[in-house]
Amino acid sequence: MNLLETVRYLHVHHFDDSLDFNAIVKLLGEVFSCSVFILDVSGNFLGVYSKKKIECPIFLEMLKRGKMDVSNMARINMLTEGTENVFRKNNVCAINPINKCNRQKRCIYEVPMIIYGKREGVIVFTRGNDNKFTVEEKALFELVATIIGLEYLHNKEQKEKLLQIERNKIYSLLSSLTLSEKNALQNVLEYMDGSLEKIL
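Keep in mind that this is a model prediction, so the values were computed, not measured.

Chemist: Where do I start with the nonpolar core in this structure?
Modeler: Generally speaking, soluble globular proteins have nonpolar side chains that are buried together. The biggest cluster of nonpolar side chains holds 25 residues, and the ones touching the most others in it are Leu28, Phe32, Ile38, Ile123, Phe125 and Ile148. Broken down by secondary-structure element, the contributors of at least two residues to this core are helix H2 (21–32), strand S1 (35–40), strand S4 (106–115), strand S5 (118–128) and helix H5 (135–175). Of all hydrophobic cores here, the second largest spans 13 residues; its members include Leu39, Met73, Ile108 and Val122.

Chemist: Help me out: how do you make sense of the pairing of S5 in this one?
Modeler: Looking down a regular strand, the side chains alternate between one sheet face and the other. Within S5, nine of the eleven residues are buried, which leaves the element mostly enclosed by the surrounding structure. In terms of strand pairing, S1 meets S5 through six bridges, oriented antiparallel. When the sheet's bridge partners are listed, Ile38 is paired in S5 with Ile123. Here ten bridges tie S4 to S5, and the two strands are oriented antiparallel to one another. Bridge pairing links Tyr109 to Phe125 in S5. The hairpin turn running from S4 into S5, its antiparallel successor, is two residues long, and Tyr116 in that turn takes a positive phi close to 55°.

Chemist: For this particular structure, what's the right way to read the packing of H2 against H5?
Modeler: Axes are the key here: two packed helices are described by the angle between their axes and the distance separating the axes. Look at H2 against H5: their axes get within 13 Å of each other, and the N-to-C directions meet at 170°. Classified by the interaxial angle, the pair formed by H2 and H5 is roughly antiparallel. Contact residues: Phe21, Ile24, Leu28 and Phe32 in H2; Glu137, Leu140, Phe141, Val144, Ile148 and Tyr152 in H5. Along the lines of polarity and charge, the residues of the contact of H2 with H5 split into nine nonpolar, no polar and one charged.

Chemist: What is the right way to look at unusual backbone geometry in this model?
Modeler: Peptide bonds are trans in most cases, and residues, glycine excluded, mostly fall at negative phi. The phi angle at Ser33 is positive, at roughly 55°, despite the residue not being glycine. Relative to the helices and strands, Ser33 resides in the loop between H2 and S1. Overall, Ser33 belongs to the partly exposed group, its relative accessible area being 33%. Positive phi outside glycine occurs at Tyr116, with the angle close to 55°. With respect to the helices and strands, Tyr116 occurs in the loop between S4 and S5. Among the residues examined, Tyr116 registers a relative accessible area of 74% and is labelled exposed.

Chemist: I tried to follow the pattern of salt bridges on my own but got confused; where do I start?
Modeler: Close approach of charged atoms lets side chains of opposite charge pair. Going through the model one piece at a time under the given rule, you end up with seven salt bridges. For Glu120, the salt bridge goes to Lys156, with nearest N and O atoms at 2.9 Å. Of this pair, Glu120 sits in strand S5 while Lys156 sits in helix H5, and the two are 36 residues apart along the sequence. Given a relative accessible area of 2%, Glu120 falls into the buried group.

Chemist: Would you mind going over the side chain of Asp40 with me for this structure?
Modeler: Of note, Asp40 is situated in strand S1. Buried and unpaired, Asp40 has Lys67 as its nearest opposite-charge partner, separated by 6.9 Å. Within polar-contact distance, the side chain of Asp40 engages the backbone nitrogen of Ser42 at 2.9 Å. A polar side-chain atom of Asp40 sits 2.9 Å from the main-chain amide nitrogen of Asn44. The contacts of Asp40, once residues within four sequence positions are left out, are Leu46, Met73, Glu120, Gly121 and Tyr152.

How each quantity is defined
- Residues numbered from 1 in each chain as written.
- Predicted model: local features only at pLDDT ≥ 70, side-chain atom pairs only at ≥ 80, totals over all residues.
- Heavy atoms only, no water.
- Core = buried A, V, L, I, M, F, W, Y, C linked by side-chain atoms within 4.5 Å.
- Buried < 20%, exposed > 50% of the residue type's maximum accessible area, 1.4 Å probe, protein only.
- Helix = DSSP H or I, 4+ residues; strand = E, 2+ residues; numbered from the N terminus.
- Pairing = 2+ DSSP bridges.
- Axes fitted to C-alpha atoms, helices over the stretch in contact; angles between N-to-C directions.
- Parallel < 35°, antiparallel > 145°, perpendicular 65-115°, else oblique.
- Contact = heavy atoms within 4.5 Å.
- Nonpolar A, V, L, I, M, F, W, Y, C, P; charged D, E, K, R; others polar.
- Salt bridge = Lys/Arg side-chain N within 4 Å of Asp/Glu carboxyl O.
- Lys, Arg positive; Asp, Glu negative; His and termini not counted.
- Polar contact = N/O pair within 3.5 Å; in protein donor to acceptor, adjacent residues only side chain to side chain.

Following this line, the structure appears as structure tokens:
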């Protein structure tokens, strides 16, 4: 697909309110014919799509933990714009340059999701060096990162609003209790290693 066709396709297959990251990366992977991963700022994998079977033991271990290693996330979180890394020389590991790797070299494009000046995470696109990312694809990666970042931020804000509503309900319920009922509830919570203050 050319640039216009790709934009139209992504527009038709837009992201719904459920914000299913695995569905999103699958769509992106199929559109751009590459593997796609979305991580939050702490390195937690939000969505994973691999075009081919993952054989790298280092990456498989991180997927098992559900989190990228700290040193690599520290590097990724320093990115201020989309960055391309083509690992060609000396069999350098794509995850940690300190390690060596004899597997197929990878072309990796990392795009930070920075919304309103705040970093929300990163999207990683990767495929073999024999099929480098085009300028058009890189432009779309930047656009996609902004769209997903906005949806991710909106999703977080909605969850926080719902949480606040539940807190208000609990506060309203507690305020209607008598002193003896509050003391009884406090005793139960202390037995469960909690307190009214923690609830509120």
